[in-house]
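Chain by chain, the residues:
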Amino acid sequence: MKKSLSLLLSFCLTGCAGQPVDSSAILKENTTPKGCLCYRTITEFDYSQPLAETAPVSDEFFSDTAFLGDSRAVGVFDYEVFPQSDVLASIGLSINQWQIKKVIGEGTEKQTVWEALENKPYRRLVLIVGYNELGWEYSSVFKQKLGSLIDGLREIQPDAVLLLQKIYPCSAKGYAREKEVTPERIAEYNAIFTELAQEKRVYLLDPAPLFTDENGDLRAELTDDGVHLNAAGFKIYQNYIKTHVEEESNNEKMECIDPDSAVDRRLPEPGQAEREERGGSDGAVEPESRS
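Now for a look at the structure at hand. Because the structure is a prediction, the values reported are computed rather than measured. (Residues numbered from 1 in each chain as written. Predicted model: local features only at pLDDT ≥ 70, side-chain atom pairs only at ≥ 80, totals over all residues. Heavy atoms only, no water.)

## Points about the sheet that holds strand β3 (residues 65-69)
Strand pairing in a sheet relies on backbone hydrogen bonds. The paired strands run either parallel or antiparallel.
Logical step 1: Spatial ordering of the open sheet is given by β4-β3-β5-β6-β7, a layout of five strands whose pairing is parallel. The open sheet has two edge strands with one neighbour each: β4 (86-89) and β7 (203-205). Taking the axes of each pair of neighbouring strands and ignoring which way they run, one obtains an average angle of 25 degrees across the sheet.
Logical step 2: Here β3 runs beside strand β5 (residues 124-128); their pairing, made up of five bridges, is parallel. In the sheet register, T65 faces β5, and the bridge partner there is R124. (Pairing = 2+ DSSP bridges. Helix = DSSP H or I, 4+ residues; strand = E, 2+ residues; numbered from the N terminus. Axes fitted to C-alpha atoms, helices over the stretch in contact; angles between N-to-C directions.)

In structure tokens form, the structure reads like this:
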């Protein structure tokens with residue numbers, strides 16, 4: 001039986017000889033105080049919500065980040081938004097071409113996005129996808145394909161944090177140019193992003209509110225063609241990405257408790273109540289039923 005925990009607990013023994021127990025909701029360990037019992041209570045992270053604003057990180061933070069996707073991702077390279085990052089993207093690339101279309105690199109050295117990812121490990125992968133798939137007949141097919149893509153990325157980049165960027169709108173000029181692209185279709189796909197983020201535990205990025213006018217369209221001064229960001233738009237985007245990072249949004253500071261009173265103040269460990277009800281001890285935990 002799976003049980004949703006509103007609090008996650010990690011601790012170290014007196015003298016801090018052990019390391020805090022990690023969990024799927026914690027991406028980065030806080031510094032462990034020395035010589036004491038240390039507890040950290042962490043609320044369950046809501047992956048259906050875009051990352052909240054955080055303190056800005058340095059450019060070096062992105063040295064092991066890759067931006068993946070279509071022409072909207074290509075702009076990250078063209079405008080040198082994060083020159084220390086890799087951009088594995090191509091104009092017109094759809095998610096079902098990542099393993100077959102050789103678009104990364106030059107000449108005979110060209111690779112598919114998949115091959116490039118197999119040859120270099122990353123700490124963060126930012127997925128800028130969806131726009132080229134807006135014309136697909138069935139959005140359910142897009143959801144299935146994107147879900148499979150996320151699963152595949154986890155296999156070939158097991159140590160990477162995945163961030164899925166919602167589709168930002170076009171300007172009025174862009175909608176007039178792109179007949180198959182509508183605000184309603186973008187909203188439908190962004191709802192799929194929200195569902196998959198929660199199902200797959202992928203972080204969501206949503207810079208659109210910074211780009212849009214009173215009608216919800218991409219502001220004219222931030223785009224030249226109505227679809228892609230220009231230099232002014234990417235300046236805003238750069239600041240957004242630097243102030244919406246996963247480490248600062250889903251964990252709280254570790255608290256150091258006085259060892260002399262730690263026993264009295266200790267929170268129960270996950271599963272402790274169930275073990276006590278079954279008459280179990282503090283020893284080995286019985287495996288959960290998978291029926």
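After that view of the structure, there is still more to cover.
## With respect to the pairing of β4
Logical step 1: As paired elements, β3 and β4 share four bridges and run parallel to each other. Across the sheet, L68 pairs through a bridge with L88, a residue of β4.
Logical step 2: The handedness of the β3 to β4 crossover, carried by helix α1 (residues 71-78), is right-handed. (Right-handed = clockwise from strand over helix to strand, strands pointing away.)

## Concerning the packing of aromatic side chains
Ring pairs (aromatic) are described by centroid distance and by the angle formed between their planes.
Logical step 1: Under the defined criterion, the tally for this structure stands at 12 aromatic pairs.
Logical step 2: Ring geometry for F61 and F62: centres 5.3 Å apart, planes at 80 degrees, overall edge-to-face.
Logical step 3: A relative accessible area of 16% places F61 in the buried class.
Logical step 4: A relative accessible area of 0% means that F62 is categorised as buried.
Logical step 5: Between F234 and Y237 the ring centres are 5.8 Å apart and the planes differ by 90 degrees, which places this aromatic pair in the edge-to-face class. Here F234 and its partner Y237 are both found in helix α7 (residues 231-242), three residues apart, which amounts to about one turn of the helix.
Logical step 6: Residue F234 is classed as buried on the basis of its relative accessible area, which comes to 5%.
Logical step 7: Judged by its relative accessible area of 1%, Y237 is buried.
Logical step 8: Members of the aromatic cluster, joined through ring pairs, are F61, F62, F67 and F82.
Logical step 9: The lysine or arginine in question, R72, covers the ring of Y168, its NZ or CZ lying 3.7 Å from the ring centre.
Logical step 10: Here R123 stacks its cationic end above the ring of F61, 4.6 Å away from the centre of that ring. (Phe/Tyr/Trp six-rings, centres within 6.5 Å; stacked < 30°, edge-to-face > 60°. Buried < 20%, exposed > 50% of the residue type's maximum accessible area, 1.4 Å probe, protein only. Lys NZ or Arg CZ within 6 Å of the ring centre and 35° of its normal.)

## Here we look at α1
Note that an α-helix has 3.6 residues per turn; residues three or four places apart therefore point the same way.
Logical step 1: The buried count for α1 comes to six of eight residues, which makes it a mostly enclosed element.
Logical step 2: Taken as a whole, α1 has its buried residues at S71, R72, A73, V74, G75 and V76.
Logical step 3: Between the side-chain oxygen of the N-cap and the backbone nitrogen of R72 there are 3.0 Å, and the N-cap of α1 in question is D70.
Logical step 4: Where α1 ends, the next residue or the one after it, E80, has phi of about 50 degrees, a positive value. (Polar contact = N/O pair within 3.5 Å; in protein donor to acceptor, adjacent residues only side chain to side chain.)

## Observations concerning the environment of G216
Logical step 1: One can find G216 in the loop between α6 (208-211) and α7.
Logical step 2: Along the primary structure G216 and C170 are separated by 46 residues, whereas in three dimensions their C-alpha atoms are 9.1 Å apart.

## Topic: α7
Logical step 1: Taking 1.5 Å per residue as the helical rise, α7 with its 12 residues ought to reach 16 Å, and the 17 Å between its terminal C-alpha atoms agrees with that figure.
Logical step 2: What α7 keeps buried is the set G233, F234, Y237, Q238, Y240, I241 and K242.
Logical step 3: As for α7, its buried residues are in contact with β3, α1, β5, β6 (161-165), β7 and α6.
Logical step 4: Capping the start of α7, N230 holds a side-chain oxygen 3.1 Å from the backbone nitrogen of A232, two or three residues further along. (Expected span 1.5 Å × (residues − 1). Contact = heavy atoms within 4.5 Å.)

## Topic: the pattern of salt bridges
Logical step 1: One pass over the structure, following the stated rule, counts 12 salt bridges.
Logical step 2: A salt bridge links E195 to K143; the shortest N-O distance between them is 2.8 Å. Of this pair, E195 sits in helix α5 (residues 183-200) while K143 sits in helix α3 (residues 139-156); the two residues are 52 residues apart in sequence, bridging distant segments of the chain.
Logical step 3: Across the pair D151 and K200 runs a salt bridge whose closest N-O atoms are separated by 3.0 Å. Taken together, the residues span a long stretch of sequence, with D151 in helix α3 and K200 in helix α5 at a distance of 49 residues.
Logical step 4: The exposure class assigned to D151 is partly exposed, which follows from its relative accessible area of 33%. (Salt bridge = Lys/Arg side-chain N within 4 Å of Asp/Glu carboxyl O.)

## A look at the layout of surface pockets
Logical step 1: Approximately 420 Å³ is the volume attributed to the second largest pocket.
Logical step 2: Lining the second largest pocket are 22 residues, and of these F77, V87, L88, A89 and I104 lie nearest its centre.
Logical step 3: Breaking the lining of the second largest pocket down by element, the ones donating at least two residues are α1 and β4.
Logical step 4: By residue number, the principal contributor to the lining of the second largest pocket is β4, which donates four residues.
Logical step 5: Across the lining of the second largest pocket, the residue classes break down as 13 nonpolar, four polar and five charged. (1 Å grid on protein atoms, 1.4 Å probe; cavity = no way out; pocket = protein on both sides within 12 Å on 5 of 7 lines; lining within 4 Å. Points joined across faces, edges and corners; volume = space filled by probe spheres on them. Nonpolar A, V, L, I, M, F, W, Y, C, P; charged D, E, K, R; others polar.)

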